[in-house]
Amino acid sequence: VQLVESGGGLVQPGESLKLSCVASGFTFSSYFMRWYRQAPGKERELVAAISQRGGTTNYADSVKGRFTISRDNAKNTVYLQMNSLKPEDTAVYYCHVRTRLDYWGQGTQVTVSS
């Protein structure tokens, strides 16, 4: 299993970013996919999750209405559209899947600062 995130960067408050995670090594369309984040000195937290066909999504209260998770099963890719970014969104963002084991990507840094 391999998960490769991209799309992070440095943005100003109020701006947007779109993260991507390309998956391989398992049947992508058969599994929930999740985005987590970890800020310095804090525990890793679940940001968003999406069901196998995208019909069900869940979000942390802190990102509801600002972030949107989506997936393209033809491309084995899950996305996280992040709008109205705030400094408190600064973190390393990780893609996750649980098959028989938990798998994580290497993470992509998102920094929101003026």
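Our structure is the block above this text.
The rules behind each value
- Residues numbered from 1 in each chain as written.
- Predicted model: local features only at pLDDT ≥ 70, side-chain atom pairs only at ≥ 80, totals over all residues.
- Heavy atoms only, no water.
- Helix = DSSP H or I, 4+ residues; strand = E, 2+ residues; numbered from the N terminus.
- Contact = heavy atoms within 4.5 Å.
- Salt bridge = Lys/Arg side-chain N within 4 Å of Asp/Glu carboxyl O.
- Buried < 20%, exposed > 50% of the residue type's maximum accessible area, 1.4 Å probe, protein only.
- Pairing = 2+ DSSP bridges.
- Phe/Tyr/Trp six-rings, centres within 6.5 Å; stacked < 30°, edge-to-face > 60°.
- Disulfide = S-S within 2.5 Å.

> Could you give an account of the environment of Leu85, naming the residues involved and the relevant values?
Inspection of the secondary structure assignment puts Leu85 in the loop between strand E8 (77–82) and strand E9 (91–98). Sequence spacing of Leu85 and Gly25 is 60 residues, and the spatial spacing of their C-alpha atoms is 32 Å. Each residue touching Leu85, except ones within four places of it in the same chain, is listed here: Val11, Pro13, Gly14, Glu15, Ser16, Leu17, Arg66, Phe67 and Val112.

> Lay out the pattern of salt bridges with the relevant residues and their values.
Any two side chains of opposite charge can pair, given that their charged atoms come close. For the structure on display, the rule yields five salt bridges. Among the ionic pairs, Asp61 bridges to Lys64, the shortest N-O distance being 3.1 Å. Here Lys64 falls in the partly exposed class, since its relative accessible area comes to 49%. Across the salt bridge formed by Asp102 and Arg98, the nearest N and O atoms sit 2.8 Å from each other. On the basis of relative accessible area, Asp102 is assigned to the partly exposed category, the value being 37%. Taking relative accessible area as the criterion, Arg98 reaches 52% and is therefore assigned exposed. Overlapping salt bridges bring together Arg37, Glu45, Arg66 and Asp89 as one network.

> Quick rundown of the pairing of strand E4 (residues 33–38)? Include the residues and the values.
Sheet topology places E4 next to strand E5 (residues 45–50); five bridges connect them, and they run antiparallel. Counterpart to Tyr36 in the pairing with E5 is Leu46. Between E4 and E5, which pair antiparallel and follow one another directly, the connecting turn spans six residues, one of which, Gly41, has a positive phi of 75 degrees. Across five bridges, E4 lies against E9 in antiparallel orientation.

> Explain the packing of aromatic side chains to me, using residue names and the numbers behind them.
For the structure shown, the criterion picks out four aromatic pairs. Plain terms: the ring middles of Tyr36 and Trp104 are 4.8 Å apart, the flat faces sit at 65 degrees to each other, and that makes the pair edge-to-face. Placement of the pair is Tyr36 in strand E4 and Trp104 in strand E10 (residues 102–104), with a sequence separation of 68 residues. A relative accessible area of 16% places Tyr36 in the buried class.

> Quick rundown of the environment of Phe28? Include the residues and the values.
Inspection of the secondary structure puts Phe28 in the loop between strand E3 (17–24) and E4. The exposure class of Phe28 is buried, given its relative accessible area of 2%. Residues Phe28 and Gly54, 26 residues apart in the sequence, show an inter-C-alpha distance of 12 Å.

> Provide a residue-level description of the state of the cysteines, including the pertinent values.
Taken as a whole and assessed by the stated rule, the structure comprises one disulfide. Covalently, Cys21 is tied to Cys95 through a disulfide, its sulfur atoms 2.2 Å apart. Around the S-S axis, the bridge from Cys21 to Cys95 shows a dihedral of about -80 degrees and counts as left-handed. Residue Cys21 is located in strand E3, and its partner Cys95 is located in strand E9; the two are separated by 74 residues in the primary sequence. Assigned by exposure class, Cys21 and Cys95 land together as buried.

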